[in-house]
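Next come the chains, spelled out residue by residue.
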Amino acid sequence: MLRSKNTLALVAAGALTVSLAACGGQSGDSSGNGSGSGGGGEGEPWILGTTESVTSIDPAGSYDFGSWNLQYNIFEQLVTIPAGETEPVGSLAESCEYDDPQTITCTLVEGKKFTNGNEITSSDVLFSFQRNIEIADPNGSSVLLGQLSNGDEKNPTLADGAIETPDDTTVVFNLNSPDTTFLRLLSTATTSIVDEETFPADKLLADDQVVGSGPYQLEQYKAGEQATLTANPDYDGPNKPSSPQIFVQYLSEPSALKTAVESGQVDIAWRTLSPTDITDLEQGGKVDVLRGEGSEFRYWVWQLGTEVGKNKAIRQAAAQLIDRETIAQDAYDGTVTPSYSIVPPGFEGQKDSFKERYGEPSVEKAKQILEDAGVQTPVDLTLGYTPTRYGPNAVDEATELKAQLDESGLFNVTTQDAEWEEYQTAYKENAYDLFILGWYPDILDADNYLTPFLREGGFYANNYNSPKVNKLLDSELAETDTAAREKTLGEIQDIVAEDVPIIPSWNGENIAVASKQMEGVEETLDPTYIFRFWMITKQG
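Reference entry: report on the structure contained in this document. Keep in mind the model is a prediction, meaning the values are calculated, not measured.

What counts and how
- Residues numbered from 1 in each chain as written.
- Predicted model: local features only at pLDDT ≥ 70, side-chain atom pairs only at ≥ 80, totals over all residues.
- Heavy atoms only, no water.
- Helix = DSSP H or I, 4+ residues; strand = E, 2+ residues; numbered from the N terminus.
- Rg over C-alpha atoms; globule rule 2.2 N^0.38 Å.
- Buried < 20%, exposed > 50% of the residue type's maximum accessible area, 1.4 Å probe, protein only.
- Contact = heavy atoms within 4.5 Å.
- Areas by Shrake-Rupley, 256 points an atom, 1.4 Å probe, with all protein chains shown as cover.
- Lys, Arg positive; Asp, Glu negative; His and termini not counted.
- Charge placed at Lys NZ, Arg CZ, Asp CG, Glu CD.
- Pairing = 2+ DSSP bridges.
- Axes fitted to C-alpha atoms, helices over the stretch in contact; angles between N-to-C directions.
- 1 Å grid on protein atoms, 1.4 Å probe; cavity = no way out; pocket = protein on both sides within 12 Å on 5 of 7 lines; lining within 4 Å.
- Points joined across faces, edges and corners; volume = space filled by probe spheres on them.
- Nonpolar A, V, L, I, M, F, W, Y, C, P; charged D, E, K, R; others polar.
- Disulfide = S-S within 2.5 Å.

Notes on the overall build of the chain
Next, step 1: Along the backbone of the chain there are 16 helices and 19 strands.
Next, step 2: For a compact globule of 540 residues, the expected C-alpha radius of gyration is about 24 Å, and the chain comes in at 23 Å, within 12% of that figure.
Next, step 3: Along the first, second and third principal axes, the C-alpha atoms of the chain reach 70 × 55 × 40 Å.
Next, step 4: Scored against the burial criterion, the 540 residues of the chain give a buried share of 60%.
Next, step 5: Taking the contacts inside the chain whose residues are at least 6 apart along the sequence as the reference set, 73% of them involve residues at least 24 apart.
Next, step 6: By element, 43% of the accessible surface of the chain is carried by carbon and sulfur atoms, the whole surface being about 20200 Å².
Next, step 7: Distance between charge centres in the chain, computed from 35 positive and 86 negative side chains, equals 5 Å.

Some details on the pairing of strand β16 (residues 434–439)
Next, step 1: β16 sits mainly inside the fold: six of its six residues count as buried.
Next, step 2: When strand β12 (residues 288–302) meets β16, the two strands line up antiparallel, connected through six bridges. When the bridges of β16 are listed, Trp300 appears paired with Ile436.
Next, step 3: Across two bridges, strand β14 (residues 379–385) lies against β16 in parallel orientation.

What about the sheet that holds strand β7 (residues 170–174)?
Next, step 1: Sheet architecture is open: four strands sit in the order β4-β5-β7-β6, paired in antiparallel fashion. Only two strands of the sheet have a single neighbouring strand rather than two, namely β4 (93–100) and β6 (163–167). Geometrically, the sheet is characterised by an average inter-axis angle of 20° between neighbouring strands, direction not taken into account.
Next, step 2: Across six bridges, β4 lies against strand β5 (residues 103–108) in antiparallel orientation. Among the inter-strand pairings, Ser95 is bridged to a residue of β5, identified as Thr107.

Points about empty space enclosed by the protein
To find leftover empty space, one rolls a probe the size of a water molecule over the atoms.
Next, step 1: In this structure the tally under the stated criterion is seven cavities of 30 Å³ or more.
Next, step 2: Forming the walls of the largest cavity are 18 residues, and the residues nearest its centre are Tyr72, Asp442, Ile443, Thr528 and Ile530.
Next, step 3: Ranked by residue count, the leading element in the lining of the largest cavity is helix α2 (residues 65–74), at four residues.
Next, step 4: Its residues assigned to classes, the lining of the largest cavity comprises 11 nonpolar, five polar and two charged.

Points about the state of the cysteines
Next, step 1: Taken as a whole, this structure holds one disulfide when the rule is applied.
Next, step 2: Between the sulfur of Cys96 and that of Cys106 lies a disulfide, 2.1 Å long from S to S. One disulfide, between Cys96 and Cys106, carries an S-S torsion of 115° and so falls in the right-handed class. Note that Cys96 is positioned in strand β4 and Cys106 in strand β5, a separation of 10 residues in sequence.

In short, the description is geometric, and any link to function would need to be established separately.
Written as structure tokens, this is what we have:
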């Protein structure tokens, strides 16, 4: 998430495999995708505490965790990802199927309504996608819809014939190019369906006026303080709410979040507590620390626009020296897992290419790499980081990496930091040879860790450009045979380990802290990072 427009357009121009058969009916179970009509919720109200901020509740105006997770609970998408699963199932649509890799036909569930009583039709679907693309809000995620866009950055709109609505319940998506992952994109918050009679076509709707059709409806909202959601009594989709009312409390600091959950001011703390706070809470035993599989990715980017960064031997030498195990233990209290690939474990086609290429950290091997290339040592290197985007532990990580490189005697590292806004500009303007960034996926597919990073310098504009990699990306995006695609994905990862445009650092878990009265929290902690309010109950 949170990529530049350039990269997002690249992502949308591709995309990968999604089982067509996965998009089906509305069956569910008690794990959070239960069938049955009528929301309402029978448990106790509960309070979620978070440090995530909300940019906009209007789906056309945001591209961040805080906003998207409210939207997942207030709005419906055509398809939804059940907890613990990777393939979408029907939600507002009873079915979505590929007619061919460039065409998807969705059939809406008949009789669906927004909470204001307006009927949901295919016209609302077309309106929702079109306004998102045309508003093109700078804080929004309309670039994810590039497969439907006319590609005009100044006057974006739907491409001719991109969406057809032959009747009230049928929507046909005609993509700009073959894209076997677009079906998964239909499960993301940016594709939430809004009421064309309520939402303006050319601007965002005020947060406190949004109307959806999801399991919950927004009752009250005060930016930066609290959101109050109540169960939608008419909801008849697959995500039946389990609690009648939920409060979301917004806190500014991780330390305040820790205090709030420890003292019982909130029932759940989710995103983001520091590793130290998590360890303290776990040892205290008053609350439960719940861990789910995550897909968070932290990595170091080489800026190939600098004299140091453009030298492959220097990049390889640093990749040979980095001690990920020590970084995970000393900078993150062992709460993260060392990463040896650009693609996280568990994803289709993932392989630990960096481990295969470099093995254990070795000063002697790094020295040999530099000697073979005729590089004079020590190499002066500027290492950049931001203390405001990724928290104090990112500072610890930068400090640890600097120490590892300096202690080899092969590098002379100078660290520089900047506030997040300044940092984003600085790293694109070659202020650093090597700089840290983080990533969460938009969809659970290996390509979401490849195309945004590798094609034409990636979203971070690091000047890496490999025609071979670009060709392989095109190939894997169009490939429908799983084995063939996995082979191509592995080949790309091997090239990344050889070229080293980035250095993978670690993968993170999806962690929440909850009072012992809470149930259903652990089940929603999966790599999608969708916090499914509807699954969670509080026992009295």
